[in-house]
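Notes for the structure review
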Amino acid sequence: MQPRNTHLNSSALRGAVDLAAVKAAGEAAQKAEQARAERTRQAAAAQAAGVAAPSVGYQLVIDVSEETFEEEVVQRSTEVPVVVDFWAEWCGPCKQLSPILERLAEEYAGRIVLAKIDVDQNQLIAQQFGIQSIPAVMAVVAGQLVPLFQGAENEANVRKVLDQLIAVAEQKFGIVGGAALPGGEDGALPGLPEDPALAAAHEALDRGDLGGAVQAYQNVLSDQPGSQEAQLGLAQAQLLLRVQGMDAPAVRDAAAGDPKNVQAQLDAADLDLVGGHVEDAFGRLVDTVGRTAGADRDTARVRLLELFEVIGADDPRVTAARSALARVLF
C-alpha cells in the first residue's frame with residue numbers, strides 16, 4: 001500500500017491538480033509530530049494529576065460534504081488517517097460495508113477517522129476521486145490519497161486493510177491518531193529529516209524557479225535514482241515549465257484545427273492536465289499515439305508516460321489510460 005502523490009485541497013475539488021504537493025508529506029509529518037508531542041504532554045499531565053487522559057478531540061465517524069471536505073478530510077489527515085467511505089442510499093452493498101467501517105472506527109478509538117461521503121449529494125468529490133462504482137473506500141494521509149478497496153468486504157479483510165493503513169501512516173508520515181501512549185512510554189516517532197538537496201528542489205519549485213527546480217530534481221535523481229519524490233517533483237516542474245507562457249486559446253485552436261499536429265496535441269494535453277482535465281489530457285495523447293507512427297508515435301507515448309508520473313500510478317484514471325494505450329499500441 002503506497003500513498004499516491006496527489007495532494008487534495010480546495011483547488012483540487014474544483015478539478016485542478018495541485019502541483020506544489022511534493023512537500024506535503026514532510027510538512028504533514030512535522031505537524032503530526034507536533035500534535036503527537038502535545039498529546040503526550042497532555043496525557044502525562046493528566047496522569048500526574050490523577051485524571052483521565054484527554055480524548056482525541058474529534059469525532060470518529062463524520063458525514064462530509066463538499067463544503068466541509070477541506071477541513072474534515074484534508075486538514076484532519078495531517079493528524080490521523082482519514083478513511084473515506086463513498087456510498088449512496090440506493091446502494092445495497094454499501095449498507096453491508098458501512099456498518100463494518102463505522103464499528104471498526106469506534107473500535108480503533110481514534111487511530112482512524114471515518115469520513116462518509118454520499119456520492120449523490122457530493123458528485124464533485126466523487127469525480128475528483130475518480131469514483132466509478134460504489135461502495136469504494138479510499139484514505140487520505142497527509143493530504144495524499146491511499147487507495148484501499150472497492151466493493152463490499154468482510155470485516156476480517158477490512159480490519160487487515162485498516163491495520164496496514166495505520167502502519168503506512170506511521171512509518172511514512174509519522175502520523176499516529178488516538179490518545180498518547182500511556183504509562184510514560186516515549187511514544188515519539190523518529191523525525192523525518194528532509195534531504196537538503198530535495199528540500200532545495202522543493203523550494204525552487206515553490207518560488208517559481210522552474211528551471212532551477214528541474215535541475216535540482218535531476219541532481220537528486222543522479223544520486224538517488226529511486227527517489228519517487230524527486231521523480232514526481234521533476235515531472236511536475238517540467239510540466240509547469242512547458243506550459244509557462246503558453247497562449248492557451250491559440251494552443252487549443254491549433255490542436256483542434258490539426259489533429260495530426262503532434263506538438264499541438266502535446267501542448268494541449270499539458271494544458272488539459274494543469275487545468276485538472278486529466279481524462280481529456282490522457283485521451284488526447286492516446287488518440288495521438290493511435291493515429292501516428294514512428295518518431296511521432298514515440299514522442300506522444302513518452303509524453304503520456306510523463307503525465308502519468310504527475311498524477312500517480314495508482315490513480316484509476318492512469319490505470320484506464322494505460323489500458324487504452326496498450327490497445328492502440330498492440
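Conventions and cut-offs
Residues numbered from 1 in each chain as written. Predicted model: local features only at pLDDT ≥ 70, side-chain atom pairs only at ≥ 80, totals over all residues. Heavy atoms only, no water. Salt bridge = Lys/Arg side-chain N within 4 Å of Asp/Glu carboxyl O. Buried < 20%, exposed > 50% of the residue type's maximum accessible area, 1.4 Å probe, protein only. Helix = DSSP H or I, 4+ residues; strand = E, 2+ residues; numbered from the N terminus. Axes fitted to C-alpha atoms, helices over the stretch in contact; angles between N-to-C directions. Parallel < 35°, antiparallel > 145°, perpendicular 65-115°, else oblique. Contact = heavy atoms within 4.5 Å. Nonpolar A, V, L, I, M, F, W, Y, C, P; charged D, E, K, R; others polar. Expected span 1.5 Å × (residues − 1). Polar contact = N/O pair within 3.5 Å; in protein donor to acceptor, adjacent residues only side chain to side chain. Right-handed = clockwise from strand over helix to strand, strands pointing away.

1. Some thoughts on the pattern of salt bridges
The final tally for this structure, using the stated rule, is 15 salt bridges. Here Glu79 makes a salt bridge to Arg76, at a shortest N to O gap of 3.3 Å. Exposure remark for Glu79: the relative accessible area of 27% places this residue in the partly exposed category. As a salt-bridge pair, Glu155 and Arg159 come within 3.0 Å of each other at their nearest N and O atoms. Taken together, the residues Glu155 and Arg159, both in helix 6 (residues 155-173) and four residues apart, mark about one turn of the helix. Within this structure, Arg103, Glu107, Glu155 and Arg159 form a network of salt bridges that share partners.

2. Details of the packing of helix 12 (residues 278-291) against helix 14 (residues 316-329)
In a packed pair of helices, the relevant descriptors are the angle between the two axes and the axis-to-axis distance. Between helix 12 and helix 14, whose axes approach to 9 Å, the crossing angle comes to 10°. Regarding the angle of helix 12 to helix 14, the classification is roughly parallel. Contacts between helix 12 and helix 14 involve Val278, Glu279, Phe282, Val286, Val289 and Gly290 from the former and Arg317, Val318, Ala321, Ala324, Leu325, Val328 and Leu329 from the latter. Broken down by class, the residue content of the contact of helix 12 with helix 14 amounts to 10 nonpolar, one polar and two charged.

3. Re helix 11 (residues 262-274)
Compared with an ideal rise of 1.5 Å per residue, which puts 13 residues at 18 Å, helix 11 spans 19 Å between its outermost C-alpha atoms and is within 8% of the ideal. For helix 11, the tally of buried residues reaches 11 of 13 residues, placing the bulk of the element in the interior. For helix 11, the set of buried residues is Val262, Ala264, Gln265, Leu266, Asp267, Ala268, Ala269, Asp270, Leu271, Asp272 and Leu273. Buried residues along helix 11 sit against helix 9 (228-243), helix 10 (248-257), helix 12 and helix 13 (294-311). Measuring from the backbone nitrogen of Gln263 back to the side-chain oxygen at the start of helix 11 gives 3.3 Å, which picks out Asn261 as the cap. Two residues or fewer past helix 11, Gly276 is found with a positive phi of approximately 90°.

4. Considerations on the pairing of strand 4 (residues 113-118)
Across the six residues that make up strand 4, a large majority, six, are buried. Burial along strand 4 is two-sided: the face carrying Val113, Ala115 and Ile117 and the face carrying Leu114, Lys116 and Asp118 are both buried. The parallel pair strand 3 (residues 82-87) and strand 4, bridged by helix 4 (residues 92-107), forms a crossover whose chirality is right-handed.

5. Quick word on unusual backbone geometry
Looking along the chain, the bond that leaves Ile134 and enters Pro135 is cis, with omega of 0°. Take Pro135: it is sitting in the loop between helix 5 (123-128) and strand 5 (136-141). Backbone geometry places Ala109, a non-glycine residue, at a positive phi of 50°. Take Ala109: it is sitting in the loop between helix 4 and strand 4. Of the residues examined, Ala109 reaches a relative accessible area of 47% and is grouped as partly exposed.

6. Overview of the environment of Asp85
Tracing the chain through its elements places Asp85 in strand 3. Along the primary structure Asp85 and Lys116 are separated by 31 residues, whereas in three dimensions their C-alpha atoms are 4.8 Å apart. The residues contacting Asp85, other than those within four sequence positions of it, are Ser98, Leu101, Leu114, Ala115, Lys116, Ile117, Ala136 and Val137. Within the local environment of Asp85, its side chain forms a polar contact with the side chain of Ser98, the two groups lying 2.8 Å apart.

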